[in-house]
Amino acid sequence: MGGVALACAAGRTADAAESRLRVQIPPRTYADALIDLGLQANVSILGTASCGSGGRVEVSGRYTLEEALGRILAGAPCRYRIVDARTVRITAAPPLIELPPTRDPPHTQTVVAEVMVTATKRPAAPNRLPAGVSAISRDQIASTRANDVGQTIGQLAGVLSTNLGPGRDKLLIRGLSDGAFTGRTRTTVSTYLDDAPINFNAPDPDLRLVDVERIEVVRGPQGALYGSGSIAGIYKIVTAKPDLAHMEAGASASIATTKGGGTSHDIDGYLSVPIVHDRIGVRLAAYREVQGGYLDDLVLRSTNVDQTRRDGGRLSVRVQFDDHWRLDALAATQHLRSNDTQYVISPMTAVTRRMPGMPQEAGDGAVGAPDGRGNRIRETHNNDFSSAGATLNGEYGWGSVTSSTNFIHHVFSSQYDATATRGLFAADLAELGVYGETTRSNMFVQDLVARSENSGRLDWLIGVYAARTVARTPSSLAFLAPGVVQTAYMENRKDRLSEYALYGEATYDLGDGWTASLGGRTFESRVRTTADLRIRAPFASRFFDQKRGFDGFSPKISLQREFTNGDLVYALVTEGYRPGGFNSSGFLPIRAARTTFRPDRLRNFELGAKFRRLDNRLIVRTAAYYDDWANIQTDQYRQSGLAYTANVGDARILGVEAEVSYDFPFGLSLQANGLVSDSKVRNINPDFPTTPTTRIADKLPGVPDLSAGLLAVYRRPLNDALTLRLVGEASYVGRSGLSFDQPPRTDQYLRTELSAEVSGNHWRLTAFVTNPLNDDGDTFSYGNPFSFADDPTTTDVIEAVRQATPQRPRTFGLRLAAAF
């Protein structure tokens, strides 16, 4: 993460300010012109709301960064300060005093900062958008050592993740959870790498955040702009782009040791080179990481079995054809290998039999998660991700047009100990059962959007979208003995999905700070599923072939008022949806009523407020929402351990979220967030599969009633060359259920991390400790579907065990980073 860690190196500040840029900004308000400048100059401009909502300025030509800022803010009620080569801070100008622009010392920037976001398909500051929008800046990513998506969630209100293991998790936003498992349903949160959607019905690929400019999150359904798969929101990773004027380079390495576990280490770096000055540039980023294991397998007599290796890289190219047209191309790849899963086992009740190799203390009803388990095979997991795409952007006086074309290749596979299924088959089989499943998904996406130039009372946006996804999912259950492989179940499934949409949004300035927006998306989806199933007696083989179409309209309505002091209040109605699909897996033929799962739809009603106080040091964003979710799709497991998808029923969700940040004048920054959520499942589908001893849960699974996070960063110059930075981070996650029909619940737990850093102009040395309290609370009550049951009185076919996923034990580490 060296590129992230030293993005703020002060040694390049002067060079960045003196380099001349091609600037083309049509007539805009002061704040919007600054946002455009930030995009074109590839810098973060913080605090644009300090300029208010007024002004009208137009800039065209070649300027240094200082010259462009001076032209934009001439006569504006705000001023600028160049913090470093990538950062400009905007503050309100004192009344009746004309102050020249100044440069901050290189290390006075605090971590709590506002950055522009593009996830709403219009560049804007979060405080000016009528939605629950958050962003994590490059410097905050570096300060908190957020190496991947899972390490950012405590910094964002209402954003959570399951904890099955690296490359296996799914993101959850605002308590909008369809369950903890990943199967045939579309994800509820769409994750983007720049303009490329990187998940379909797959777990999050767990990309390492190297040389990343910012993270953007839009909470609530985004069906109007993003279509299916965004029913809970958008999580967007924005990468750093090539610098067309100067060379940049950075690298970092770290080493860490875990209590009772193995050693972890990583190395990464980046390089940005201008090939043709001001015209063509390339940027490379690469990394390699080993996460040491910390769990033991007693049957296999192996320690630290859950080691994970992750390596990958990116190549980005920027071509500035002229003052109007720019091309950004990106190719990315990552390979993740986990040697084993990271769950442990303990009994659900006193009547549960101890599985072979289970730790003895687990049978004594010990509280908390033990540090081992007993499996007869390694339950490996692989998650390989690759993407390639290009975004062409044109700017003209009337507005802009952007065309994004992306191809995504995603392969992930898992292996489980499935010995417990042996009793289902009549024939004599070997004792060791192994279930393996692989998904190979190819997605081609084209998105074309045109926007007005925001010069009058009416702004508009219109887009055309098309996507084609083909997923092949071979799976098999085999029983093994030395020199013998007996296949009991094999399925070769293929899913083909075509999606087409036309979407748009219009915004009208009603005057006196009032603005109304109306938008929507009309869509059509076509899905076809085929599956060839070969099954050993007493079951029969069969072939499955079904297809179906879905269409509809997803609306968006908002009304907001922005006050002269920059405060904003808004009301919002949005909608999200997911298409339906088919079930094919199972030892027995599927009843007609359960062959198809229907589309689901979520409608969101939201009220929010955003304001600043105390000379813009205090920033508050809050929202209250009511969601109506119909025909909820959920991925579940049969008693046999094979997956299926069903519509469980409807739900209503009430929630309040807040994010508060404050910058103290002596170098301390505090950032707090929280979500209080309450859900009620109702109108249960009478055909939803249950057992005589189970009932449908009252609440949505996987999300607690309360979650919260706190981040504190303190900076202090030690002398003219060195700076000290202390960081403390904590996030609380309350108890939650696992599934709609399963009684296990996760523990409430606290994730904590502390770090101390000393930095110079071109280097940083950081010492850190994660989980300093060595909390071993259960973060996710699931690991293996073939040894997981909801009924403790179940027969020997499935052993009923409590599966638990503890946090990584206390870990100490050192990190060294440099940038040039």
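Above this text you will find the structure in question.
Read on for an overview of the structure. Remember, it's a predicted structure, so these values are computed and weren't measured experimentally. (Residues numbered from 1 in each chain as written. Predicted model: local features only at pLDDT ≥ 70, side-chain atom pairs only at ≥ 80, totals over all residues. Heavy atoms only, no water.)

## Details of a nonpolar patch on the surface
What counts is decided by this rule: The patch calculation keeps residues exceeding 30% relative accessible area without a salt bridge and links them within 9 Å when they carry like charges or within 5 Å when they are nonpolar (Val, Leu, Ile, Met, Phe, Trp, Tyr). Per-residue and other accessible areas follow the Shrake-Rupley method at a 1.4 Å probe size, with only the shown protein chains counted as cover for residues. What makes a salt bridge here is a side-chain nitrogen of Lys or Arg within 4 Å of a carboxyl oxygen of Asp or Glu, nothing more. Numbering of helices and strands runs from the N terminus; a helix is a DSSP stretch of H or I covering at least four residues, while a strand is a stretch of E covering at least two.
Together, Tyr396, Trp398, Leu448, Leu458, Trp460, Ile462, Val464, Leu502, Tyr508, Leu510, Trp514 and Leu559 make up an exposed nonpolar region whose accessible area comes to about 1100 Å². With 4 residues, the top contributor of residues to the nonpolar patch is strand E25 (residues 458-481).

## Section: the pairing of strand E37 (residues 668-682)
As a reminder of what qualifies: Pairing between two strands is assigned when DSSP locates at least 2 bridges connecting them.
Here strand E36 (residues 650-663) runs beside E37; their pairing, made up of 14 bridges, is antiparallel. Bridge pairing in E37 places Ala658 opposite Gly674. Connecting E36 to the next strand, E37, in antiparallel fashion are 4 residues, including Gly667 with a positive phi near 105 degrees. The pairing of E37 with strand E38 (residues 706-717) spans 9 bridges and is antiparallel. Within the sheet, the bridge partner assigned to Gly674 lies in E38 and is Ala708.

## With respect to the sheet that holds strand E7 (residues 132-137)
Taken in spatial order, the 5 strands make up an open sheet running E7-E12-E13-E10-E11, and their pairing is mixed. With one partner strand each, in any of the chains shown, E7 and strand E11 (196-197) form the two edges of the open sheet. In this sheet, strand E12 (residues 212-219) lies alongside E7 in antiparallel orientation, the contact comprising 6 bridges. Bridged to Ser137 within E12 is Arg214.

## What about the nonpolar core?
What counts is decided by this rule: We define the nonpolar core as a collection of buried residues of types Ala, Val, Leu, Ile, Met, Phe, Trp, Tyr and Cys that are connected through side-chain atoms lying within 4.5 Å of one another. Using a 1.4 Å probe on the protein chains alone, a residue whose accessible area is under 20% of its type maximum counts as buried, one over 50% counts as exposed, and one in between counts as partly exposed. Contacts are residue-level and defined by heavy atoms, with any inter-residue pair within 4.5 Å sufficient.
Tyr235 and Phe425 are the most contacted members of the largest nonpolar core, which has 96 residues in total. Ignoring any residue separated from it by four or fewer positions in sequence, one finds Tyr235 in contact with Val149, Thr152, Leu156, Leu171, Val189, Ser190, Thr191, Tyr192, Ile215, Glu216 and Val217. By size, the runner-up hydrophobic cluster in this structure holds 25 residues, among which are Ile25, Val43, Leu73 and Ala76.

## Looking at the side chain of Thr258
Relative to the assigned elements, Thr258 resides in strand E14 (residues 248-258). For Thr258, the residues in contact, after removing those within four places along its chain, are Tyr294, Arg808, Pro809, Arg810 and Thr811.

## Notes on the state of the cysteines
Worth spelling out the cut-off: In what follows, a disulfide is any cysteine sulfur pair within 2.5 Å.
By the definition in use, this model includes 1 disulfide. Two residues, Cys51 and Cys78, share a disulfide whose sulfurs are 2.0 Å apart. Classification of the bridge connecting Cys51 and Cys78 rests on its S-S torsion, roughly 95 degrees, and on that basis the disulfide is right-handed. You can see Cys51 sitting in the loop between strand E2 (44-46) and strand E3 (57-64) and its partner Cys78 sitting in strand E4 (residues 78-84), a full 27 residues away along the chain. There is no split in this pair, since Cys51 and Cys78 are both buried.

## Considering the pattern of salt bridges
Close approach of charged atoms allows side chains with opposite charge to pair. Going through the model one piece at a time under the given rule, you end up with 52 salt bridges. A salt bridge links Arg174 to Glu606, with the nearest nitrogen and oxygen atoms 3.0 Å apart. Separated by 432 residues along the polypeptide, Arg174 in the loop between strand E9 (171-173) and strand E10 (189-193) and Glu606 in strand E32 (residues 600-613) bring together distant segments of the chain. The class of Arg174 is buried, set by a relative accessible area of 0%. Notably, a salt bridge pairs Arg621 with Glu659, separated by 3.8 Å at the nearest N-O pair. Here Arg621 is found in strand E33 (residues 618-630), whereas its partner Glu659 is found in strand E36, with 38 residues between them in sequence. By relative accessible area, Arg621 is classed as buried at 15%.

## Here's the deal with helix H3 (residues 30-41)
Put simply, the test is: Here the expected length of a helix is defined as 1.5 Å per residue gap, with one fewer gap than residues.
The terminal C-alpha atoms of H3 lie 16 Å apart, and with 12 residues this matches the ideal 16 Å at 1.5 Å per residue to within 8%. Most of H3 is tucked away: 10 of the 12 residues are buried. Where H3 is buried, its residues contact strand E1 (20-28), E2, E3, helix H4 (65-72) and strand E5 (87-92). After H3 finishes, the residue Asn42 shows a positive phi value of roughly 60 degrees.

## Quick word on the environment of Gly580
Assignment of secondary structure puts Gly580 in the loop between strand E29 (568-578) and strand E30 (581-582). Judged by relative accessible area, which is 8%, Gly580 ranks as buried. Not counting residues up to four positions away in its chain, the partners in contact with Gly580 are Val527, Phe550, Phe597, Arg598, Pro599 and Gln633.

## As for the packing of aromatic side chains
Both the distance between ring centres and the angle between the ring planes are used here to describe each pair of aromatic rings. Here is the rule we go by: Classification of ring pairs uses Phe, Tyr and Trp, with its six-membered ring standing for Trp, and accepts pairs whose centres are within 6.5 Å; under 30 degrees between planes counts as stacked, over 60 as edge-to-face, and the remaining range as tilted. A positively charged side chain is recorded as over a ring if its NZ (Lys) or CZ (Arg) lies within 6 Å of the ring centre. The angle to the ring normal must also be within 35 degrees.
Scanning all chains against the criterion turns up 16 aromatic pairs. The interplanar angle of 25 degrees and the centroid separation of 5.4 Å between the aromatic rings of Phe539 and Phe587 together place this pair among those described as stacked. In this pair, Phe539 sits in the loop between strand E27 (514-535) and strand E28 (542-562) while Phe587 sits in the loop between E30 and helix H7 (592-595), placing the two residues 48 residues apart along the sequence. Since its relative accessible area comes to 16%, Phe539 is described here as buried. Assessed through its relative accessible area of 6%, Phe587 is described here as buried. Relative to Phe666, the ring of Phe664 lies with its centre 5.3 Å away and its plane at 35 degrees, an arrangement referred to as tilted. Overall, Phe664 belongs to the partly exposed group, its relative accessible area being 25%. Through pairs of rings, three or more aromatic residues link up here, namely Phe425, Phe479, Tyr489, Phe539 and Phe587. Against the face of Phe768 rests Arg145, its NZ or CZ located 3.5 Å from the ring centre.

## Comments concerning H4
Stated precisely, the cut-off is as follows: This arc is built from the directions going out from the helix axis to the C-beta atoms.
For H4, the full list of buried residues reads Leu65, Ala68, Leu69 and Ile72. Buried residues of H4 fall within an arc of 100 degrees about the axis and therefore sit on the same side.

## Re the pairing of strand E26 (residues 484-511)
In this structure, E25 lies alongside E26, joined through 24 bridges in antiparallel fashion. Bridging from a neighbouring strand, Ser476 pairs with Met490 of E26. Hairpin connection from E25 to E26: 2 residues lie between these consecutive antiparallel strands, with Gly483 at a positive phi of about 75 degrees. Pairing between E26 and E27: 22 bridges, direction antiparallel. Looking across to E27, one finds that Glu499 is bridged to Ser525. Counted along the chain from E26 to the antiparallel partner E27, the turn is 2 residues long, and its residue Asp512 has a positive phi close to 55 degrees.

## Section: unusual backbone geometry
In this structure, the amide linkage connecting Ala537 to the following residue, Pro538, adopts the cis form with an omega of 20 degrees. Positive phi, close to 60 degrees, is recorded for Arg174, a residue that is not glycine. The backbone phi angle of Asn304 is positive, close to 50 degrees, even though this residue is not glycine. Overall, Asn304 belongs to the partly exposed group, its relative accessible area being 24%.

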